Amino acid sequence: GVPLLFGLLFWSFGVWWVVMASLLTLAAHRRGLLPFALSWWGFTFPLGAFVSCSFRLTRISGIESIGMVGTLAWGLLVFLWSLALIHTLRGVISGAVFRPHP
């Protein structure tokens, strides 16, 4: 019904957001414009919400391709969590996260 239509509409916007955010973040990182900061953890929250929404929408709609996109996004989420964790641990060990950024 109408709620499912709105769910699919908002989920489709989420797909667009994940693609655009990923491309823009990669471009900034390649140019050296994105040094590590603890705010990197903030990148994971919207992606986590998208993953959760994807799996829920798959159950509601029965559209398995949404679940496949959710699984791919989950893989990206795990990668970003790991990347942020490794950089955070390195920063804690070196003390860099406790110093102000110039």
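Residues numbered from 1 in each chain as written. Predicted model: local features only at pLDDT ≥ 70, side-chain atom pairs only at ≥ 80, totals over all residues. Heavy atoms only, no water.

Trainee: Provide a residue-level description of the overall build of the protein, including the pertinent values.
Mentor: The secondary structure content of the protein amounts to 3 helices and 0 strands. Written out in order from the N terminus, the α and β elements of the protein read α-α-α. Taking the principal axes of its C-alpha atoms as reference, the protein extends roughly 55 × 25 × 20 Å. A burial count over the protein gives 21% of its 102 residues as buried. In the protein, once contacts between residues fewer than 6 apart in sequence are set aside, the share between residues at least 24 apart is 66%. Taken as a whole, the protein presents about 7,300 Å² of accessible surface, with 76% of it coming from carbon and sulfur. (Helix = DSSP H or I, 4+ residues; strand = E, 2+ residues; numbered from the N terminus. Buried < 20%, exposed > 50% of the residue type's maximum accessible area, 1.4 Å probe, protein only. Contact = heavy atoms within 4.5 Å. Areas by Shrake-Rupley, 256 points an atom, 1.4 Å probe, with all protein chains shown as cover.)

Trainee: Any chance you could break down the packing of helix α1 (residues 2-30) against helix α3 (residues 64-94) for me, citing the residues and the numbers?
Mentor: Direction vectors running N to C along α1 and α3 enclose 35°, while the axes themselves pass 12 Å from each other. Where α1 crosses over α3, the two elements pack in a sense that is left-handed. Residues Leu 8, Trp 11, Val 15, Val 18 and Ser 22 of α1 pack against Ile 66, Val 69 and Leu 76 of α3. Counted by class, the contact of α1 with α3 contains 7 nonpolar, 1 polar and no charged residues. (Axes fitted to C-alpha atoms, helices over the stretch in contact; angles between N-to-C directions. Left-handed = near helix turned anticlockwise from the far one by under 90°. Nonpolar A, V, L, I, M, F, W, Y, C, P; charged D, E, K, R; others polar.)

Trainee: Outline the confidence of the model for the protein, listing residues and values.
Mentor: Taken over all residues, the pLDDT of the protein has a mean of 94, while the share at 70 or more is 99%. Across the protein, the secondary-structure element scoring lowest on mean pLDDT is α1, at 95, and the one scoring highest is α3, at 97. (pLDDT = per-residue confidence, 0-100.)

Trainee: Could you give me a rundown of α1, with the residues and numbers involved?
Mentor: Structurally, the α-helix is built with 3.6 residues per turn, so residues lying three or four positions apart point the same way. For α1, with 29 residues, the first-to-last C-alpha span of 42 Å sits near the 42 Å given by 1.5 Å per residue. Within α1 the residues assigned to the buried category are Trp 11, Gly 14, Val 18 and Ala 28. Tucked inside the fold, the buried residues of α1 contact α2 (44-61) and α3. Positive backbone phi, approximately 75°, marks Gly 32, located one or two places after α1. (Expected span 1.5 Å × (residues − 1).)

Trainee: I'd like a description of the nonpolar core, backed by residues and values.
Mentor: Grouped together as the largest cluster of nonpolar side chains are 9 residues: Trp 11, Val 18, Leu 47, Phe 50, Val 51, Leu 57, Ile 66, Ala 73 and Leu 77. Considering each element in turn, this core owes the most residues, 4 residues, to α2. (Core = buried A, V, L, I, M, F, W, Y, C linked by side-chain atoms within 4.5 Å.)

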